[in-house]
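Single-letter residue listing:
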Amino acid sequence: MVALGYLVLLLLVPIGVILWRTFERGFVSFFEAISTPAAISALNLSLLIVAIVVPINVIFGVVTALALVRGRFPGRGFVQAVVDLPFAVSPVVVGVSLILLWGVNGWFGGLDSMGFKVIFGLPGMVLATIFVTLPFVVREVEPVLHEIGDEQEQAAATLGASKWQTFWRITLPAIRWGLTYGIVLTVARSLGEFGAVIMVSSGFPGVSQTLTLLVHSRYIDDHNTYGAYCAATLLMGIALVTLLLMTLLDRKRSNA
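Everything quoted here is computed from the prediction, not taken from an experiment.

1. Digging into the packing of aromatic side chains
Counted under the stated rule, the structure contains five aromatic pairs. Ring centres of Phe23 and Phe30 lie 4.9 Å apart, and the angle between their planes is 50°; on these two criteria the pair is classed as tilted. When the ring of Trp164 is compared with that of Phe167, the centres are 5.9 Å apart and the planes differ by 35°; the resulting orientation is tilted. With Trp164 and Phe167 both in helix α10 (residues 163-174) and three residues apart, this pair spans about one turn of that helix. The class for Phe167 is buried, based on a relative accessible area of 19%. In this structure an aromatic cluster arises from ring pairing among Phe23, Phe27 and Phe30. In this structure, Arg25 packs its charged tip against the face of Tyr226, placed 4.1 Å from the ring centre.

2. Things to note about the layout of surface pockets
By volume, the largest pocket amounts to about 380 Å³. In terms of lining residues, the largest pocket is bounded by 15 residues, among which Arg70, Glu153, Lys163, Thr166 and Thr171 are the most central. When contributions to the lining of the largest pocket are tallied by element, the ones reaching two or more residues are α3 (37-70), α9 (151-158) and α10. In terms of residue count, the dominant contributor to the lining of the largest pocket is α10 (five residues). Looking at the lining of the largest pocket residue by residue, the classes come out as six nonpolar, five polar and four charged.

3. Focus on empty space enclosed by the protein
Regions of empty space are outlined by a rolling probe, equal in size to a water molecule, passed over the atoms. According to the stated counting rule, one finds one cavity of 30 Å³ or more in the structure shown. In this structure, the largest cavity encloses a volume near 50 Å³. Ser46, Ile49, Thr129, Ser190, Leu191, Glu193, Val197 and Thr210 are the residues that line the largest cavity. Of all the elements in the fold, those that place two or more residues in the lining of the largest cavity are α3 and α11 (176-192). In terms of residue class, the lining of the largest cavity is made up of three nonpolar, four polar and one charged.

4. Some details on the pattern of salt bridges
In the structure shown here, the tally under the stated rule is four salt bridges. Residue Arg139 is joined to Asp84 by a salt bridge in which the shortest nitrogen-to-oxygen separation is 2.9 Å. In this pair, Arg139 sits in helix α8 (residues 135-148) while Asp84 sits in helix α4 (residues 76-88), placing the two residues 55 residues apart along the sequence. The class of Arg139 is partly exposed, set by a relative accessible area of 22%. The exposure class assigned to Asp84 is partly exposed, which follows from its relative accessible area of 30%.

5. Considering the nonpolar core
Counting 30 residues, the largest nonpolar core has Val62 and Val141 as the members making the most contacts within it. For this core, the secondary structure elements donating two or more residues are α2 (27-34), α3, α8, α11, α13 (211-221) and α14 (225-255). Residue contributions to this core peak at nine residues, all from α3. Those residues within four positions of Val141 in sequence are excluded, and the remaining contacts are Ala65, Ile175, Gly178 and Leu179.

Quick notes on the rules
- Residues numbered from 1 in each chain as written.
- Predicted model: local features only at pLDDT ≥ 70, side-chain atom pairs only at ≥ 80, totals over all residues.
- Heavy atoms only, no water.
- Phe/Tyr/Trp six-rings, centres within 6.5 Å; stacked < 30°, edge-to-face > 60°.
- Helix = DSSP H or I, 4+ residues; strand = E, 2+ residues; numbered from the N terminus.
- Buried < 20%, exposed > 50% of the residue type's maximum accessible area, 1.4 Å probe, protein only.
- Lys NZ or Arg CZ within 6 Å of the ring centre and 35° of its normal.
- 1 Å grid on protein atoms, 1.4 Å probe; cavity = no way out; pocket = protein on both sides within 12 Å on 5 of 7 lines; lining within 4 Å.
- Points joined across faces, edges and corners; volume = space filled by probe spheres on them.
- Nonpolar A, V, L, I, M, F, W, Y, C, P; charged D, E, K, R; others polar.
- Salt bridge = Lys/Arg side-chain N within 4 Å of Asp/Glu carboxyl O.
- Core = buried A, V, L, I, M, F, W, Y, C linked by side-chain atoms within 4.5 Å.
- Contact = heavy atoms within 4.5 Å.

So yeah, pure geometry; function would need other evidence.
Below, the structure is given as structure tokens:
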């Protein structure tokens, strides 16, 4: 009972206040607030970042998980620690590190003078999001690989199957639920990232402003609290759909 009351006070009450503030003027006003050019641009940019980050993290995550589970190499413990680093490092620190590396006066600042803008542009935002979402696919696929073992893969190899055929026909179907679960978590984290992205974004509407930055800009800079509530509700709705999808996948994985 205490735990239920704690959850209600911590989660349901703030969410209820946001929803009440959002829809107190009606659905039409809400739709107008989330259909402005700035809001549409922020949504498109958020989805674009997700579309770039997820495939990269899927490839990296699966390869890294296979290396950690199936491989034996020097520095394996170091790789394990690097994978978990985003859980320990503040996203703001990640943003500052990217500025030191890719900024005008950074190690790779020469790229900026050549016309390739990383910081305060889409590339920097993608790099920041990749870093903070790095562990999810790895940590979801890794225990599945431990569970299924490598007997079927070895049997396929003895029958003459190539490594790619073994992966595509045996390994990938076996890890599909863990991989899908990791993808859902990556999507949710990418959509909600704020700390690292705000450090490497110019925050200009229509240029490098994601949904989370739109909420911050409307509330802090424009003093448009209603618009901020509407943008937050839109973001919350997308997160809710992602959460429901994650729950359904978890049930299917349990019944598989």
